[in-house]
Amino acid sequence: MSVLRVALPKGRLFAPGAALFAHVGCRNVDELATGRRLVHEETEAGFRFVLVKPMDVPVYVEYGAADLGIVGQDVVRELGRDVYEPLRLGFGRCRLVVAGPPDLPPQTWARRPILRVASKYPRLARQHFTSRGLSIEVVALSGSVELAPQAGLADLIVDIVDSGHTLSANGLLEMETVLASQACLIVNRASHKVELARISALLRTFEQIVSEGHARSDGH
């Protein structure tokens, strides 16, 4: 049996992603989270896993270094990589939002000649504002985006939120939703053709798991 190469993301999506593959015979994937190794083989089940940063998952999949990957839709949309996205996985739900100080509500944005927006998602931030005819300067950051308005670096931010507690703790209000996101399975386009039968079977299994998960969460 051929080995399917899977890119798993570091961070909060790793555990539920690894749990999916436990359903298809991969019992020790979680070893990647506890050791220093970044590659893990499940030879009998026919998988090889690599652990990478979330922003790198679509790159590995597009270039064929991985056949499959698990990553947030926010990352897929931001990078715009040419990958097949056949399945939403139902976990890792969050929102990409515009947030800012209370004294800069949306109805005032058009009065400014240019808005400075800080974000880890410069592509999506730029698309959101330019689609509304607003001129912006995007400041690309890799962390602590919510600090930018306080420090005078930016007027607004575009960032991922879950509960919104971090925004409120830093004096920011959620003002607009750019994108609703959840984890998804992505597939290399060539791999999907070459390994069609096996990947299709894997998708059917995952679809059933996701469906059952939704049923339990809905109380059915």
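Above this text sits the structure in question.
Heads up: these notes are all about the structure in this document. Keep in mind the model is a prediction, meaning the values are calculated, not measured. (Residues numbered from 1 in each chain as written. Predicted model: local features only at pLDDT ≥ 70, side-chain atom pairs only at ≥ 80, totals over all residues. Heavy atoms only, no water.)

## Describing the nonpolar core
Taken as a class, soluble globular proteins show a tendency for nonpolar side chains to be buried jointly.
Now for step 1: Counting residues in each nonpolar core, the largest one holds 29 residues, and the members touching the most others are Leu8, Phe21, Phe47, Phe49 and Leu89.
Now for step 2: Contributions of two or more residues to this core are made by strand E1 (4-9), helix H1 (14-22), strand E3 (47-52), strand E4 (68-72), strand E11 (183-187) and helix H9 (196-217).
Now for step 3: Take this core: its biggest share by element is six residues, from H9.
Now for step 4: Every residue in contact with leucine 89, bar those within four places of it in the chain, is listed here: Leu20, Ile70, Gln182, Ala183, Cys184, Leu185 and Val210.
Now for step 5: Counting 17 residues, the second largest nonpolar core, distinct from the first, contains Trp109, Ala125, Val158 and Met175. (Core = buried A, V, L, I, M, F, W, Y, C linked by side-chain atoms within 4.5 Å. Buried < 20%, exposed > 50% of the residue type's maximum accessible area, 1.4 Å probe, protein only. Helix = DSSP H or I, 4+ residues; strand = E, 2+ residues; numbered from the N terminus. Contact = heavy atoms within 4.5 Å.)

## Concerning the side chain of serine 119
Now for step 1: With respect to the helices and strands, serine 119 occurs in strand E7 (residues 115-119).
Now for step 2: Of note is the side chain of serine 119, whose polar atom sits 2.7 Å from the backbone oxygen of valine 158. (Polar contact = N/O pair within 3.5 Å; in protein donor to acceptor, adjacent residues only side chain to side chain.)

## Quick word on the pairing of strand E2 (residues 39-42)
Now for step 1: Judged by which residues are buried, E2 turns out to be one-sided: His40 and Glu42 face inward and are buried, whereas Val39 and Glu41, on the alternate face, are not.
Now for step 2: Pairing of E2 with E3 involves four bridges; the strand directions are antiparallel. When the sheet's bridge partners are listed, glutamate 42 is paired in E3 with phenylalanine 47.
Now for step 3: The antiparallel hairpin formed by E2 and E3 contains four residues in its connecting segment, where glycine 46 sits at a positive phi of about 85°. (Pairing = 2+ DSSP bridges.)

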